[in-house]
Number of protein chains: 2
Amino acid sequence: MTNEKIKSAEILCVGTELLLGEIVNTNAAYLAEKLAGLGIPVFRQGVVGDNPERLRAAMTESLNRADLLITTGGLGPTCDDITKETAAELFGRKMYFDQDSQNKIAEYFASRGCTMTENNTKQAMMPEGAIIFPNDRGTAPALAIEGELAGSGETKTIIMLLGPPHEMIPIFEQHVLPYLQKRTDYVIFSRNVNLFGIGEAAAEQMLRDIMVSATNPTVAPYCKIGEVRIRVTARAHTEAEARAMVDSQIELIKKTPVAPYIYDIDSSSIEDTVIRRLRERGLTLAVAESCTGGLIQKRLTDIAGCSDVFLGGCVTYSNSSKVSLIGVSPETLAANGAVSEQTAAEMARGVRLALGADIGISSTGIAGPGGGTPEKPVGTVFVAISTKDGERVKPLHLTALRDRATIRTHTANEALAQVFSI
Amino acid sequence: MTNEKIKSAEILCVGTELLLGEIVNTNAAYLAEKLAGLGIPVFRQGVVGDNPERLRAAMTESLNRADLLITTGGLGPTCDDITKETAAELFGRKMYFDQDSQNKIAEYFASRGCTMTENNTKQAMMPEGAIIFPNDRGTAPALAIEGELAGSGETKTIIMLLGPPHEMIPIFEQHVLPYLQKRTDYVIFSRNVNLFGIGEAAAEQMLRDIMVSATNPTVAPYCKIGEVRIRVTARAHTEAEARAMVDSQIELIKKTPVAPYIYDIDSSSIEDTVIRRLRERGLTLAVAESCTGGLIQKRLTDIAGCSDVFLGGCVTYSNSSKVSLIGVSPETLAANGAVSEQTAAEMARGVRLALGADIGISSTGIAGPGGGTPEKPVGTVFVAISTKDGERVKPLHLTALRDRATIRTHTANEALAQVFSI
């Protein structure tokens, strides 16, 4: 590869579904943020469909304006997918049959018991001299072409990525990011301070002085649903240097009023910290879910190797399942209803005993949009935790959130975060 | 206003926060979908920052390519906000002080007990002859300019909207949509044919003749993880006409070899169809999950009102929980292991009986990255379904997928899709 430094970039996303507004262009935001992190300015982003003339025109314009063009989409097996072929033409490269890519594609199909079709071989056709970035999650690899743009004397680079984010992002992190780091002068290093139990606005106010004064490292809050993170990012010539700058900035943050809300540093999620803490203490967990309907356990089992901590649990969606699976008493349900402090407590205790776990957590509530009453409107939720020392219940009033997905996510966060307090 | 029909449009979103990837461009998707619905083809979308030269260049290019340019952003009170001024220049219009807009802005501040600042008056400056779309939710109105592009003989239209979606969307719905309806001839109508159990490439090959020959309606495949959709889109003068064209095209698709893979039309997801089918037949469902760890039940309960069909289930992650919660026999586990045909069958049967459901489905497998063996590598999965007529097990070989999330998603799809066969 060339060592020429990249001074400017553009992003071009290819896909009719984007032009029709059927999907939101999260790829562009992801790539723009990564390039900003690398200190590569992006002056333009574009979206075009699978139309040869318009794609060629858009690619040509971008490559004339910027050192680097990153595209997403149009690498699939269908005749609509023409990104690779168009780029090859612009860089004056012939397409060749890449046996290695072909083997990977064949392997991908074989191991899934599928037979590869004629047009999958299209995905093994590569522009001469292309750098190939393998794709573990799909058939088409990503690729780059470096060199002189046909007709112009200028040396340019095009990186072609896949459209589906679950394929694009891993390839970017594993292959493209290291490639780009070699072609920039700076190293960017970030750490995240994980907060729980405080809103973004409140956190921002507590950190305003630091945020305003800090330029390198920068201090920026951003929030996921029900969770706030403070991203500390330093730019330096070596990673060691950047890392030291970030760590001393984090020490300053720990001296601010946000300190009590910090539950971890660089945790990918609440559940990730929960699993690690319980593992450190040799404790096991069981979960009983009603309104979250499996979300809490899905999140715990997203984490590879959680089985030494997480034993299992139940989704007791119906009343009868609360009784039959984890022994909630019919009297409790009759007297207080399924959405009540008492039921939440009996669920947490019941699942803990049923699975012989050290800790049981539970959720019950009204996620909506239906099912609300004047006494218990949509957003009325209880989470509980049970240990050998007894049960603790936390009522949540999420009526302001309204939509079902947000209420469920908040509830799962609160249920999991109970573990921090034991 | 002119009655000239709009035959093509582009969308240009202005804002540094978009270029830096700090926010996802939901405005572009929203506007693209609305324009598609109006039958106005959008061939390009763009994003630029608040840079005068680059903004002027991008606007000029778009207006030269399309009849209509819709912009978002750059209408605020700061000196960075230059969309209006740039458009005025391109259309050769002077800016004038619009007292009416000024009054509305003053009202807006008064009603909030704020005093308006000097630079808010900038928002009352308008290009001569502009059509003004009032903004009830903010200070800056939206606007349109129709007329001859300075220097060119061509008549073009530019509509300038605000950046914040909560201001942009209401103005679009109340004012811009009716405006655009008067300036278009066509309606676009789309339906999706949902396929399961076939890859995109294979589906595309089976449909190639139709895809190539069909221009209106168009037929295009796209894929989610483990699911392929065929989008059929027609353009006509009335929705009824477009709908009829789409439906007859779908009848043709049903005569192709993809027919056996069609599980629904216009379904938002496999679980959505599962719930609807079971509801139609008055059947109830229970779920026992091992490797999917709650994902199947989470997806079922994403659907509001699923409780009449979905009773609940278990996440039997540990062996002991398989025994204690749903009565898998220890002998079966000892003889065959947790990841086996026999265990999958006993899980599906056990959860069906434990919850008194008509149907039980289960998943057990090795999602990885750890836990694989030569006999049972990562990706070895079994899904099962149990009814009063007995159990059926489907072995899956997902070894090629490698990553945990994809294996779990595929497994959930396969487990749910079993319901289609009963």
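Just so it is clear, the model here is predicted, and its values are computed rather than measured.

### Points about the overall build of chain A
Phase 1 of the analysis: Broken down by element type, chain A carries 14 helices and 17 strands.
Phase 2 of the analysis: Once the C-alpha set of chain A is aligned to its principal axes, its extents read approximately 80 × 55 × 40 Å.
Phase 3 of the analysis: Looking at chain A as a whole, 54% of its 422 residues are labelled buried.
Phase 4 of the analysis: Looking at chain A alone, contacts between residues at least 24 apart form 67% of all its contacts between residues at least 6 apart.
Phase 5 of the analysis: In chain A, which carries 42 positive and 50 negative side-chain charges, the distance between the mean positions of the two groups comes to 4 Å.

### Concerning the side chain of Ser269(B)
Phase 1 of the analysis: The residue Ser269(B) is located in the loop between strand E12 (262-265) and helix H10 (270-281) in this model.
Phase 2 of the analysis: If we skip the residues at most four places from it in the chain, Ser269(B) touches Arg229(B) and Tyr263(B).

### Some details on the sheet that holds strand E13 (residues 285-289) of chain B
Phase 1 of the analysis: Spatially, the 10 strands line up as an open sheet ordered E17(A)-E16(A)-E15(A)-E13(A)-E14(A)-E14(B)-E13(B)-E15(B)-E16(B)-E17(B), and their pairing is mixed. In the strand order of this sheet, the two ends are held by strand E17 (390-397) of chain A together with strand E17 (390-397) of chain B, each with one partner. In this sheet, adjacent strand axes meet at a mean angle of 15° when their direction is disregarded.
Phase 2 of the analysis: As paired elements, strand E16 (residues 380-387) of chain B and E17(B) share 8 bridges and run antiparallel to each other. Bridge assignment links Val383(B) to a residue of E17(B), and that residue is Lys394(B).
Phase 3 of the analysis: This element, helix H14 (residues 404-417) of chain A, spans strand E15 (359-365), strand E16 (380-387) and E17 of chain A of the sheet and lies at about 25° to E16(A).

### Thoughts on the sheet that holds strand E3 (residues 68-72) of chain B
Phase 1 of the analysis: Taken in spatial order, the 12 strands of this open sheet run E6(A)-E7(A)-E8(A)-E3(A)-E1(A)-E2(A)-E2(B)-E1(B)-E3(B)-E8(B)-E7(B)-E6(B), and their pairing is mixed. For this open sheet the edge positions go to strand E6 (131-133) of chain A together with strand E6 (131-133) of chain B, each flanked by a neighbour on one side alone. Between one strand and the next, the sheet's axes are offset by a mean angle of 15°, whatever the strand orientation.
Phase 2 of the analysis: Note: E3(B) against strand E8 (residues 155-161) of chain B, 5 bridges, orientation parallel. Counterpart to Thr72(B) in the pairing with E8(B) is Leu161(B).
Phase 3 of the analysis: Its contacts with the sheet place helix H3 (residues 52-65) of chain A against strand E1 (9-14), strand E2 (42-48), strand E3 (68-72) and strand E8 (155-161) of chain A together with strand E2 (42-48) of chain B, and it is angled at close to 170° to E1(A).

### Structural notes on the packing of helix H9 (residues 270-281) of chain A against H14(A)
The relative placement of two packed helices is expressed as an angle between their axes plus a distance between the axes.
Residue and element names in this part refer to chain A.
Phase 1 of the analysis: Where H9 meets H14, the axes come as close as 10 Å, and the angle between the chain directions of the two elements is 20°. Here H14 runs roughly parallel to H9, going by the angle between their axes. Remark: the crossing between H9 and H14 carries left-handed chirality. Along the contact surface, H9 presents Ile270, Glu271 and Val274, while H14 presents Asn413, Leu416 and Ala417.
Phase 2 of the analysis: Each residue belonging to the contact of H9 with H14 can be placed in one class, and the counts come to 4 nonpolar, 1 polar and 1 charged.

### Let's talk about the environment of Glu53(B)
All names here are of chain B.
Phase 1 of the analysis: Assignment of secondary structure puts Glu53 in helix H3 (residues 52-65).
Phase 2 of the analysis: Residue class for Glu53 comes out exposed when judged on its relative accessible area of 51%.
Phase 3 of the analysis: In sequence terms Glu53 and Ser267 are 214 residues apart; their C-alpha atoms lie 46 Å from each other.

### Quick look at the pattern of salt bridges
Phase 1 of the analysis: Tallied over the entire structure, the rule returns 49 salt bridges over all chains.
Phase 2 of the analysis: Where Arg231(B) meets Glu22(A), a salt bridge forms, and the shortest distance between an N and an O atom there is 2.6 Å. Here Arg231(B) is found in strand E11 (residues 227-236), whereas its partner Glu22(A) is found in the loop between helix H1 (16-19) and helix H2 (26-37) on a different chain.
Phase 3 of the analysis: Taking relative accessible area as the criterion, Arg231(B) reaches 6% and is therefore assigned buried.
Phase 4 of the analysis: Look at Glu22(A) and you get partly exposed, because its relative accessible area is 33%.
Phase 5 of the analysis: Among the ionic pairs, Glu33(A) bridges to Arg231(A), the shortest N-O distance being 2.7 Å. Placement of the pair is Glu33(A) in helix H2 and Arg231(A) in strand E11 (residues 227-236), with a sequence separation of 198 residues.
Phase 6 of the analysis: Since its relative accessible area comes to 22%, Arg231(A) is described here as partly exposed.

### A word on the packing of aromatic side chains
Phase 1 of the analysis: Within the structure shown, the criterion is met by 8 aromatic pairs over all chains.
Phase 2 of the analysis: Measuring from ring centre to ring centre gives 5.6 Å for Phe310(A) and Tyr317(B), while their planes differ by 50°; the resulting arrangement is tilted. In this pair, Phe310(A) sits in strand E14 (residues 310-315) while Tyr317(B) sits in the loop between strand E14 (310-315) and helix H12 (319-326), so the two residues belong to two different chains. Taken as a pair, Phe310(A) and Tyr317(B) share a single burial class, namely buried.
Phase 3 of the analysis: For the ring pair Tyr263(B) and Phe420(B), a centre distance of 4.9 Å and an interplane angle of 15° mean the geometry is stacked.

### Some points on the packing of H3(B) against helix H4 (residues 83-90) of chain B
All names here are of chain B.
Phase 1 of the analysis: At a closest axis distance of 10 Å, the pairing of H3 and H4 adopts a crossing angle of 50°. By the angle between their directions, the pair H3 and H4 is classed as oblique. H3 and H4 meet at a crossing whose hand is right-handed. When H3 is examined against H4, the residues Leu55, Arg56, Met59, Thr60 and Leu63 are found in contact with a partner set consisting of Thr83, Thr86, Ala87, Glu89 and Leu90.
Phase 2 of the analysis: The residue makeup of the contact of H3 with H4, split by class, is 5 nonpolar, 3 polar and 2 charged.

### Some thoughts on the pairing of E14(B)
Phase 1 of the analysis: The buried fraction of E14(B) amounts to 6 of the 6 residues, a majority that puts the element mostly inside the structure.
Phase 2 of the analysis: For E14(A) and E14(B), the ladder comprises 3 bridges, and the chain directions are antiparallel. Paired with Val315(A) across the strands is Gly313(B), a residue of E14(B).
Phase 3 of the analysis: Of the pairings in the sheet, the one linking E13(B) to E14(B) comprises 5 bridges and is parallel in character. Residue pairing across strands places Ala288(B) opposite Cys314(B), the latter belonging to E14(B).
Phase 4 of the analysis: Handedness of the β-α-β unit built from E13(B), helix H11 (residues 295-301) of chain B and E14(B) comes out right-handed.

### Describing helix H2 (residues 26-37) of chain B
Phase 1 of the analysis: With 12 residues, H2(B) extends 17 Å from end C-alpha to end C-alpha; this agrees with the ideal 16 Å at 1.5 Å per step.
Phase 2 of the analysis: Following H2(B) by one or two positions, Gly39(B) adopts a phi angle in the positive range, close to 75°.

### So, the domain arrangement of chain A
Accessible area lost upon the coming together of the parts serves often as the stated size of an interface.
Residue and element names in this part refer to chain A.
Phase 1 of the analysis: You can read the domains of chain A as domain 1 (9-181), domain 2 (187-265) and domain 3 (273-421).
Phase 2 of the analysis: Each partner contributes residues to the interface: domain 2 has 5 residues there, and domain 3 has 10 residues.
Phase 3 of the analysis: Here domain 2 packs against domain 3, burying approximately 660 Å² in sum over the two surfaces, 62% of which is carbon and sulfur.
Phase 4 of the analysis: Of all residues in domain 2, the largest losses of buried area upon contact with domain 3 belong to Phe196, Ile225 and Tyr263, amounting jointly to 73% of the total for that side.
Phase 5 of the analysis: Taken together, the connections running from domain 2 to domain 3 amount to 1 salt bridge.
Phase 6 of the analysis: Between Asp264 and Arg276 there is a salt bridge, with the nearest N and O atoms lying 2.6 Å from each other.
Phase 7 of the analysis: At the junction of domain 2 with domain 3, the criterion picks out 3 residue pairs in polar contact (both at pLDDT 80 or more).
Phase 8 of the analysis: Of the residues contributing to the side of domain 2 that touches domain 3, the split by class is 3 nonpolar, 1 polar and 1 charged.

### As for the interface of chain B and chain A
Phase 1 of the analysis: Contacts between chain B and chain A engage 73 residues on the former and 71 residues on the latter.
Phase 2 of the analysis: Buried surface at the junction of chain B and chain A, both sides included, amounts to about 5500 Å², of which 56% is carbon and sulfur.
Phase 3 of the analysis: Our enumeration of links across chain B and chain A arrives at 8 salt bridges.
Phase 4 of the analysis: Summed over the shared surface of chain B and chain A, the number is 29 residue pairs in polar contact (both at pLDDT 80 or more).
Phase 5 of the analysis: When its residues are assigned to classes, the side of chain B that touches chain A shows 35 nonpolar, 23 polar and 15 charged.
Phase 6 of the analysis: Where E2(A) lies against E2(B), 5 bridges are found, and the strand directions are antiparallel. Bridging across to E2(B), Gly46(A) finds its partner in Gly46(B).

Calculation notes
- Residues numbered from 1 in each chain as written.
- Chains lettered and ligands numbered in written order.
- Predicted model: local features only at pLDDT ≥ 70, side-chain atom pairs only at ≥ 80, totals over all residues.
- Heavy atoms only, no water.
- Helix = DSSP H or I, 4+ residues; strand = E, 2+ residues; numbered from the N terminus.
- Buried < 20%, exposed > 50% of the residue type's maximum accessible area, 1.4 Å probe, protein only.
- Contact = heavy atoms within 4.5 Å.
- Lys, Arg positive; Asp, Glu negative; His and termini not counted.
- Charge placed at Lys NZ, Arg CZ, Asp CG, Glu CD.
- Pairing = 2+ DSSP bridges.
- Axes fitted to C-alpha atoms, helices over the stretch in contact; angles between N-to-C directions.
- Parallel < 35°, antiparallel > 145°, perpendicular 65-115°, else oblique.
- Left-handed = near helix turned anticlockwise from the far one by under 90°.
- Nonpolar A, V, L, I, M, F, W, Y, C, P; charged D, E, K, R; others polar.
- Salt bridge = Lys/Arg side-chain N within 4 Å of Asp/Glu carboxyl O.
- Phe/Tyr/Trp six-rings, centres within 6.5 Å; stacked < 30°, edge-to-face > 60°.
- Right-handed = clockwise from strand over helix to strand, strands pointing away.
- Expected span 1.5 Å × (residues − 1).
- Domains from an automatic or database assignment.
- Buried area = accessible area lost by both parts, 1.4 Å probe.
- Polar contact = N/O pair within 3.5 Å; in protein donor to acceptor, adjacent residues only side chain to side chain.

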